[in-house]
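The primary structure of each chain is shown beneath.
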Amino acid sequence: MKIVLQDLTKIFPSRNKKSTDEVVAVDHFNFEIPDGKLIGLLGPSGCGKSTTLYMISGLQKPTAGKIFFGEDDVTELSTEKRGIGLVFQNYALYPHMTVLQNILFPLQNLTGPDKLTKVQMIERAQEAARLVQIEELLDRKPSELSGGQQQRVAIARALVKMPRVLLLDEPLSNLDARLRLQTREEIRRIQKETGITTVFVTHDQEEAMSISDMIVVMKLGVVQQTGKPQEVYDDPANLFVAKFLGTPPINVFKGRVEGGWLYLDNERVLSVGAVPDQDVMVGIRPEGFIIDPNGPMHCKISSVEVMGRDVSVVSTHPALVSPSIRSIVDADNKIDPAQQTIAYRIKPHKLFIFDSENEERIPFEVK
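Conventions and cut-offs
- Chains are numbered independently. Their residues run from 1 in the order of the written sequence.
- In keeping with the model being predicted, local features are shown solely for residues with a pLDDT of at least 70 and side-chain atom pairs are shown and tallied solely at 80 or more, while totals for entire chains, interfaces and linings include all residues.
- Where side-chain values are given, they derive from all heavy atoms of the structure, hydrogens and water being excluded.
- Comment: elements are numbered from the N terminus, with helices defined as DSSP H or I runs of at least four residues and strands as E runs of at least two.
- Think of it in three bands: with a 1.4 Å probe and only protein chains considered, a residue is buried below 20% of the maximum accessible area for its type, exposed above 50%, and partly exposed in between.
- Any two residues having at least one pair of non-hydrogen atoms within 4.5 Å are treated as being in contact.
- Using a 1.4 Å probe, the Shrake-Rupley method yields the accessible areas, and only the shown protein chains count as cover for residues.
- In this tally Asp and Glu are treated as negative and Lys and Arg as positive; neither His nor the chain ends contributes.
- Charge coordinates come from a single atom per side chain, which is NZ of Lys, CZ of Arg, CG of Asp or CD of Glu.
- Note on method: axes are straight lines fitted to C-alpha atoms, helices fitted across the in-contact stretch only, with angles between N-to-C directions ranging 0 to 180 degrees.
- For classification purposes, an angle smaller than 35 degrees is called roughly parallel, one larger than 145 roughly antiparallel, one from 65 to 115 roughly perpendicular, and anything else oblique.
- Note on convention: near helix rotated counterclockwise from far helix by under a right angle means a left-handed crossing. Clockwise means right-handed.
- Here the term charged refers only to Asp, Glu, Lys and Arg, the term nonpolar to Ala, Val, Leu, Ile, Met, Phe, Trp, Tyr, Cys and Pro, and the term polar to all other amino acids, Gly among them.
- By salt bridge we mean one thing: a side-chain nitrogen of Lys or Arg within 4 Å of a carboxyl oxygen of Asp or Glu.
- DSSP calls a pair of strands paired once it identifies at least 2 bridges connecting them.
- Paired rings are identified among Phe, Tyr and Trp, the last through its six-membered ring, by centres lying within 6.5 Å, and are further divided according to the angle between planes into stacked (under 30 degrees), edge-to-face (over 60) and tilted (the rest).
- Definition used: whenever NZ (Lys) or CZ (Arg) falls within 6 Å of the ring centre and also within 35 degrees of the ring normal, the charge is taken to sit over that ring.

Visitor: Can you tell me about the overall build of the protein chain, naming the residues and giving the values?
Guide: The secondary structure content of the protein chain amounts to eight helices and 21 strands. Expressed as lengths along the three principal axes of its C-alpha atoms, the size of the protein chain is roughly 75 × 50 × 40 Å. Put simply, the protein chain has 367 residues, and 49% of those count as buried. Contacts spanning at least 24 positions in sequence make up 66% of the contacts within the protein chain whose residues lie at least 6 apart. When the accessible surface of the protein chain is split by element, carbon and sulfur atoms take 49% of a total near 18200 Å². Here the protein chain contributes 43 positive and 48 negative side-chain charges, whose respective centroids are spaced 5 Å apart.

Below, the structure written as structure tokens:
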């Protein structure tokens, strides 16, 4: 099921009774979610991603704009008539019911031509349980399950209605690190098997990038960039996107362009072609550093962390804006922990230049 959002806007009144200032939670969101794809809505707390999800679900009414499921305008349609499955962060399972009863619950409320027989409901519930691999837990109560198992029950309950659209609001936030990894892989498997168009809300960029077909990066209600995860990582539209995506995060510097060269402090780091002379912000991905005794960039070493196949070098530089530089280099590089400084060459495709005022990306060609 294709989802189209047209100028979707949500404005909340001010919480301060003495103030007339309104809060724009989502500002003219335009996007088309292709049929059968998993889309990650990504951004920090307060960016409007959950509000967008709630408008798609019908739990919140847009202030302006329209929502289409396929060719159907569902903007004014009630939640129960939209054909959605919704999974919340807190699972929202009924504690007095068994797993089977929790999964069956949405089917028991169907009326009219959608109403199922008891046998049909049981078969549908068992199929949903098999899909999320909890068929052996159907007689247990939620209190007897782990967090990951409870989340699977919540997903099965959402899927049992055979929804047109599956909406997941921070579904992994309450799980520990290992369960998060396992459950996000399961979500991706389930989505691929069912082919249901899925919208996945998270503030965790690694989570979004690992399972999404496309990501939407948001800030203060405004869409900053959309695209395939790797494409957005490799080609950020602005400094916010560059900083938000990546672990470890991108290293940020103050720089300047003079005569077609990029300078960090007084070091001429890279040729940037026809970029006009100006002060700029510079981002260098951790994997963008190449150790070279004759390299143009010299950093003061703070520590060297050996991580098996990689080495993380923590250092400082006079032009640095970030707390420290973290460069990831191959473990074949032998670094003397006692040395004071390290010299680098920079991979051009891992370095980004941004306008110092509006922080928009400035493209350049390497000569």
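Don't stop here, the text continues.
Visitor: Go over the side chain of Asn102 with me, naming the residues and quoting the values.
Guide: With respect to the helices and strands, the residue Asn102 is situated in helix H2 (residues 99–108). Residue classification places Asn102 among the buried residues on the basis of a relative accessible area of 0%. Not counting the four nearest positions on each side in its chain, Asn102 is found in contact with Leu93, Tyr94, Met97, Pro142, Val153 and Arg157.

Visitor: Describe in detail unusual backbone geometry, supporting the description with residues and values.
Guide: Working note: non-glycine residues mostly have negative phi, and peptide bonds are mostly trans. For the bond from Thr247 to Pro248, the omega torsion is -5°, close enough to zero to count as cis. Despite not being glycine, Glu170 has its phi angle at roughly 45°, a positive value. Structurally, Glu170 is set in the loop between strand S7 (165–169) and helix H5 (177–194). The class of Glu170 is buried, set by a relative accessible area of 11%. Despite not being glycine, Leu220 shows a phi value in the positive range, around 50°. On the secondary structure map, Leu220 appears in the loop between strand S9 (214–219) and strand S10 (222–227).

Visitor: Can you break down the packing of helix H4 (residues 147–159) against H5 residue by residue, with the values?
Guide: Between H4 and H5, the shortest axis-to-axis distance is 11 Å and the interhelical angle comes to 20°. Viewed along their axes, H4 and H5 adopt a mutual orientation that is roughly parallel. In the crossing of H4 with H5, the sense of the turn from one axis to the other is right-handed. Of H5, the residues touching H4 (which contributes Gly148, Gln151, Arg152, Ile155 and Leu159) are Leu179, Gln182, Thr183, Glu186, Ile187 and Ile190. The residue makeup of the contact of H4 with H5, split by class, is five nonpolar, four polar and two charged.

Visitor: Which residues make up the pattern of salt bridges, and what are the values?
Guide: Applying the stated rule across the entire model yields 18 salt bridges. For Asp213, the salt bridge goes to Arg188, with nearest N and O atoms at 2.5 Å. Separated by 25 residues along the polypeptide, Asp213 in the loop between helix H6 (205–211) and S9 and Arg188 in helix H5 bring together distant segments of the chain. Here Arg326 and Glu305 are joined by a salt bridge, their closest N and O atoms 2.8 Å apart. Placement of Arg326 in strand S18 (residues 325–330) and of Glu305 in strand S16 (residues 297–306) is noted, with a sequence separation of 21 residues between them. Under the relative-accessibility criterion, Arg326 is labelled partly exposed at 26%. Residue class for Glu305 comes out partly exposed when judged on its relative accessible area of 31%. Salt bridges sharing common partners tie together Arg180, Asp204 and Glu207.

Visitor: Go over H2 with me, naming the residues and quoting the values.
Guide: Spacing of three or four residues puts side chains on the same side of an α-helix, whose turn is 3.6 residues. A large share of H2 lies buried, amounting to seven of its ten residues. Taken as a whole, H2 has its buried residues at Val99, Leu100, Asn102, Ile103, Leu104, Pro106 and Leu107. The secondary structure elements touched by the buried residues of H2 are helix H3 (118–131) and H4.

Visitor: I'd love a proper account of the sheet that holds strand S14 (residues 278–284), names of residues and values included.
Guide: Whether parallel or antiparallel, the strands of a sheet pair through hydrogen bonds between backbone atoms. With antiparallel pairing, the six strands of this open sheet are ordered in space as S13-S12-S11-S14-S20-S21. Unpaired on one side and paired on the other, strand S13 (267–271) and strand S21 (361–362) mark the two borders of the sheet.

Visitor: Go over the packing of aromatic side chains, please, and point to the residues and values.
Guide: Across all of its chains, the model carries four aromatic pairs by this definition. Aromatic pair Phe240 and Phe244: ring centres 5.7 Å apart, planes at 20°, arrangement stacked. Highlighted residues: Phe240 and Phe244, both in helix H8 (residues 239–244), separated by four residues, approximately one helical turn. With respect to burial, Phe240 and Phe244 carry one shared label: buried. Directly above the ring of Trp261 sits Arg268, whose terminal nitrogen or CZ lies 3.9 Å from the centroid. The ring of Tyr233 is capped by Arg285, whose NZ or CZ atom sits 3.9 Å from the centre of that ring.

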